[in-house]
Structures are given as C-alpha cells and as structure tokens.
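The chain contents come next:
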Amino acid sequence: MVKPLNQNTPLEDFINHKTNTGMQCGNYSIDLPDLGEGEQYRFHFDATACVGCHCCEVACNEQNANPDDIKWRRVGEMEMGEFPDTLQLFNSMSCNHCIEPECLIGCPTESYIKFDNGIVWHDDPSCIGCQYCTWNCPYEVPTFNKERGIVTKCHMCADKLEVGQTPACVQACPSNAIEIEVFNVKEWLETDMEKEGVAPHLPDIEITKPTTRYTLPELKESDKIRIADEHLLKPAHSEFPLVFMTVLTQVSLGAFLALFLGELLFALGFDLPEPTLVMATLAFVPAAIGLPLSALHLGRPIKAMSAMKNWRNSWLSREAIALGAFTGLASVVAGLYFFNIKGFGLLLLEAITLAVGIYGIYAQSMIYRIKARPSWNRKSTTKRFFGSSYVGFLLIATALLLSNGKQGTMVLLDITLLVGMGQALVILEEIMFYRHLDKEGPLYYQYNRSRILLEEHFGGVKKFRVYSLALFALVLPLLAILFTASGLVFLAIGTLIVATIGALISELAGRYLFYRTVVPLGLAGNFFAGNQRH
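Fair warning: this is a prediction, and the values are worked out from it, not measured in the lab.

Student: Sorry if this is basic, but what is going on with the sheet that holds strand β9 (residues 178-184) here?
Tutor: Sheets are built from strands that pair by backbone hydrogen bonding, the pairs being arranged parallel or antiparallel. On the basis of which strands lie adjacent, the open sheet formed by three strands has the order β9-β2-β10 and mixed pairing. Of all the strands in the sheet, the pair left with one neighbour each is β9 and β10 (213-215). Strand-to-strand twist of the sheet, defined as the mean angle between neighbouring strand axes without regard to direction, takes the value 30°. Note: strand β2 (residues 39-46) against β10, three bridges, orientation parallel. The residue bridging H44 from the neighbouring strand is R213, located in β10. The sheet strands contacting helix α7 (residues 185-196) are β2, β9 and β10, and the helix crosses β9 at an angle near 130°.

Student: Please clarify how the pairing of strand β3 (residues 74-82) should be interpreted in this entry.
Tutor: Consecutive side chains along a regular strand alternate between the two faces of the sheet. Bridge analysis of β3 against strand β4 (residues 85-93) gives nine bridges, and the strand direction is antiparallel. Its bridge partner being in β4, G76 is matched across the sheet by N91. With three bridges joining them, β3 and strand β11 (residues 225-227) adopt antiparallel strand pairing. From the neighbouring strand, M78 faces β11, where its bridge partner is I227.

Student: Please clarify how the packing of helix α8 (residues 240-267) against helix α13 (residues 390-402) should be interpreted in this entry.
Tutor: For any two helices packed against each other, the geometry comes down to the angle between their axes and how far apart the axes lie. At a minimum axis distance of 6 Å, the contact between α8 and α13 shows a crossing angle of 50°. In this view, α8 runs oblique relative to α13, as classed from their interaxial angle. Once α8 is placed against α13, the crossing between them reads as right-handed. Of the residues in α13, those touching α8 at V251, G254, A255, L257, A258 and L261 are V391, G392, F393 and I396. Considering only residue class, the contact of α8 with α13 consists of eight nonpolar, two polar and no charged.

Student: Please clarify how the nonpolar core should be interpreted in this entry.
Tutor: What tends to happen in soluble globular proteins is that the nonpolar side chains get buried as a cluster. Residues W135, F256, L259, Y368, W376 and Y515 are the most contacted members of the largest nonpolar core, which totals 70 residues. Here L259 is in contact with P275, M279, A280, A283, V333, Y337 and E350, once residues within four sequence places are set aside. Core analysis: the second largest hydrophobic core is formed by 43 residues, I70, F115, I119 and C137 among them.

Student: I would appreciate a short explanation of the side chain of N91 in the present structure.
Tutor: Inspection of the secondary structure puts N91 in strand β4. On the accessibility criterion, N91 (3% relative accessible area) is buried. A polar contact of 3.4 Å, which involves the side chain of N91, links it to the side chain of Y214.

Student: What's the story with the packing of helix α12 (residues 379-387) against helix α14 (residues 406-435) in this structure? I'm lost.
Tutor: Where α12 meets α14, the axes come as close as 9 Å, and the angle between the chain directions of the two elements is 150°. As the angle between them shows, α12 and α14 are arranged roughly antiparallel. Where α12 crosses over α14, the handedness of that crossing is left-handed. Taken together, the residues of α14 that come into contact with α12 (itself represented by S380, K383, R384 and G387) are V419, Q423, V426, E429 and E430. Broken down by class, the residue content of the contact of α12 with α14 amounts to two nonpolar, three polar and four charged.

Conventions used here
- For every chain, the first residue of the written sequence is number 1, and numbering continues from 1 onward in sequence order.
- Only residues with pLDDT of at least 70 are given local features in this predicted model, and only at 80 or more are side-chain atom pairs given and counted; all residues enter the totals for whole chains, interfaces and linings.
- Only hydrogens and water are set aside when side-chain values are computed; all heavy atoms of the structure are taken into account.
- Paired strands are those between which DSSP finds at least two bridges.
- Numbering of helices and strands starts at the N terminus; helices are DSSP runs of H or I of at least 4 residues and strands are runs of E of at least 2.
- Here an angle of 0 to 180 degrees is reported between the N-to-C directions of two axes, which are lines fitted to C-alpha atoms, with helices fitted over the stretch in contact.
- By the convention used here, residues are in contact when the closest approach between their heavy atoms is within 4.5 Å.
- Angles are sorted into four bins: roughly parallel if under 35 degrees, roughly antiparallel if over 145, roughly perpendicular if 65 to 115, and oblique for all others.
- With the far helix as reference, a near helix turned anticlockwise by less than a right angle produces a left-handed crossing, and one turned clockwise produces a right-handed crossing.
- Three residue categories are used. Nonpolar comprises Ala, Val, Leu, Ile, Met, Phe, Trp, Tyr, Cys and Pro, charged comprises Asp, Glu, Lys and Arg, and polar comprises the others, including Gly.
- For this analysis, a nonpolar core means a set of buried residues of the types Ala, Val, Leu, Ile, Met, Phe, Trp, Tyr and Cys, connected via side-chain atoms within 4.5 Å.
- Under the scheme applied here, a residue whose accessible area is under 20% of the maximum for its type counts as buried, over 50% as exposed, and between as partly exposed, the area being computed with a 1.4 Å probe on protein chains only.
- Side-chain atoms alone can form a polar contact between residues adjacent in sequence; in general such a contact is a pair of N or O atoms within 3.5 Å, and within protein one must be able to donate a hydrogen while the other accepts it.

Structure below.
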C-alpha cells in the first residue's frame, strides 16, 4: 500500500495548490537528515514540557482553515495524586501516522495512502464520507467535516516538510513539546515502540503500530492516573440510516431463506404449499428499501457506488457488493415467479442468492468487529445481525397464512421460534456480560461506560427492547401456532400481523441502542474532541 512521492501524487497537487493560492509557509526551518532506507518521519511529544495551552490545536486549525469543531490535533488531560501532591499530565495528539493504519486498510474507496516518508495521507477528492475510518482508528483521528461531506485528518503539514519547514503545531508550541523526528521503522517495531510508543490510557499499540514517540515523567506502577473527563459521557451518533438499512437487509435475508426452504420442501415432495409471487416480492422489498437508505449516511451520497472499490481489504466494500448482488438476484427470482418459471433452475438461483445474502450479512457484521470499538467487537454482533432474520420468517408466515397455507405456516413459525429464541439468548448474554464486567480488564473503562449508557441514559429503550423481543419473537408466534392448530385462522392472522410489526420495531430499537451506546477507545481526557460524531 506504500506509494512513492512523485509529481503525480496528491501531495504534490496539494503543495502546488497552496503555492498558487498564495498560502506561504512559516519562517521556522527544520534540520532533519535525509531519509535513509527504512526510515520515516514521526512526531515526538514531550509530556514533561507540555503546559496544556492548546496552542497546537489553534495553530493546526488556522493553518488548515478548519472550523472550530474540526480538530486534527487534540490535547488530552489526565491527573494523578491527591491534593496537594498532584500531577497534571497532557497528551497532544494528531495522527500517529501508523505503520499499519486501520484507516487505510478499511477504507472502501482507497482514499488513504501511506507515503514512503511515513505520512498517512487522505485523498479528499475520492472520499465519499462514509466515516468508516473514524470508527476504525483507535485514536479517533480522522474527523468528519459535515460542510465538505468528507473525512479529513492531519497530514503532518507535508507541504511544509517538503520545503524544510516544521508543521504548524511544532511552530506554535511555546514549550517545544512537539517535534518532528526521523526514525528507523525496523528498530522502532523490534525494540523502541514498547518503550517509547506507549502513553497512559492509550489504545494497545499492536492495533495499528503508531509511530509517535513519548517522553513521560517518571511514573510508578502504583500511580493511578485518572482521565480528566471520565465524568463526562455522551451517547454516540444515532446513525438512523444505518439502523434501518442493517435491519431491513437482515429481514430480507430471513424472508428469502423462508422462501427457499418452502421451494425446496415443495420440490422434494412434501405436502406443503408452493411459494408465491407475493412471498418472493416480500423477500426482496425490505433490502431494496434498506440499501438506498444507507446512502443517506454518506457525506457524498452521489458517489456511493465507489464504496465497492476496495473489496480486497474492506468489509464495507464486500458488504456493498454482496448485498447489492443479493438484492438484484432476489428481484430476478421474483421476476421468475411473475412469469411462472419454476423448476430446478429457480431452486438453483435461489440457493445462489441465499449464499450471497448470507455472506453479505456476515460482511455487514464484520464492519463492526473492530478493535477500536470494544462493545461492537464481540461475536454477539454477528449473532444478533443474523438473529434479526426471524422478522423475515414472520413476514413470509403471515403471507402464507393469508393464502390459506396452514401447514406451511406451522413449519415456518416453528423455525421462527427457534431463531427468535436464539436472538433472545444473544440479548440475555449481553445483559449478563455487562453485569459481570472484569474491573481489572484492559477494556473495563469502555465497557463500563457502554453499560452506563445502556442502563441509565437509555434504560427505557433497553427495557422495551428486552420485553418486546420476548413478546413479538416468542409469545405471539407461539400463540399464532396454537390458533392455527385450533383452526382459528382469523386470530392467527391478526396475531402474526401484530407480531411482525412489533418485531420489526423491536429490532430497530435494538439497533438504535447498538449505535448509541458504543464507546470508542480514543484519546484520554479529550474534552474538546471536535466533530467526532458523538
């Protein structure tokens, strides 16, 4: 992924733009040796010199013409000791220009480039504003600029470095706490990173292998360093377009699986009703509605198709390709039902469509299985995404019962109960997980804050989610089975309609909690986070 600097790179375009528009560099020269083989630039931050004045933040914003809520460099604040023997500790952080940057690896449009000199560069023109990198980065460095509709980040003032000038943050620091250095990558990874690349309350360095070097005051292992803003807790962004898109595509998968099972059992000679055009239509419509809604999440919706570009590395690209193909194939299946084309070819096409859909939902879940967001990075995320498919079974069961397929309805409702029970067990596991957190665990801070959000900030929504899941996924489907078996078809139909609508609302509520209660790793003590979408 490393690309050399040349006249065709975005960096050169950026420098030429600044020169042509009259934006001049400062007067502070930099005395660095030429980069040798295996060497890169990096930041050095001296925490013993920083006074927490935030001049670096201001200088960065002025240099890059960023609005107040966009901060490429941020100052975190920590404290230790008891009055009057206390110590205040600051951490001025911009991009760590990591050796294995998660922002670059996961970007669906390949908008990140790591140059030979170590700078992780963001190519603004190709960015679609999906903000996946803002989730992937454990330091929350990439920042979404709502006005421009794209993500932006620190580029180490690459234009200044090219002409022998120091970055704006280095120039502005009154205590010389920030410097630019040259380092050997191999030596850093093998020996120095574990000693000099670690600072209190920062994410595990193995996630991205950051390059920033720290000079810290002498700290004892017994010293308890408190995060200055630990009493502040804001819910994450609601992400409503993604709430609807993820749930609706998962409902489609469940409905299509029900359709396929019906076609398969009918083809094998079981005494069950044959699936209909209505059922085939209901199987793809939720996905056809949900997928376009995801574009509303983008800063540049018109460029949504380019999200498929990085299929080799990005789960988001894989999801877009797979679910797009699933929706298209499902619509073709519905067309075959419309023209009454049946037989082995239809069954084969349905099997292929189902396999593509399963992979699409798996890829969708893997978008969130990221180390930077601990409450997402659990197996339960994948389980709950597939678990939402029981709503699709309810949808097809309702349509089947309306067409007088009592026996087929019983089979589908039995499967619905099993899937719904699985979803309930996933939610129960989550409840127990947050009740028995390991207070000594490395991620306790983030997990506990997610627990507080779930139980205190969104306690009412959580209770609704738990009780509604039990009612609409278990109780009502069971009643529908009893009504159907007793010949009370009218009551069974009414029960299923209520169950389907209620289950959909319950899953939407659960997904809303999923997005709002996630707590990222981030920068400790970051009072002035800027626009991190929290």
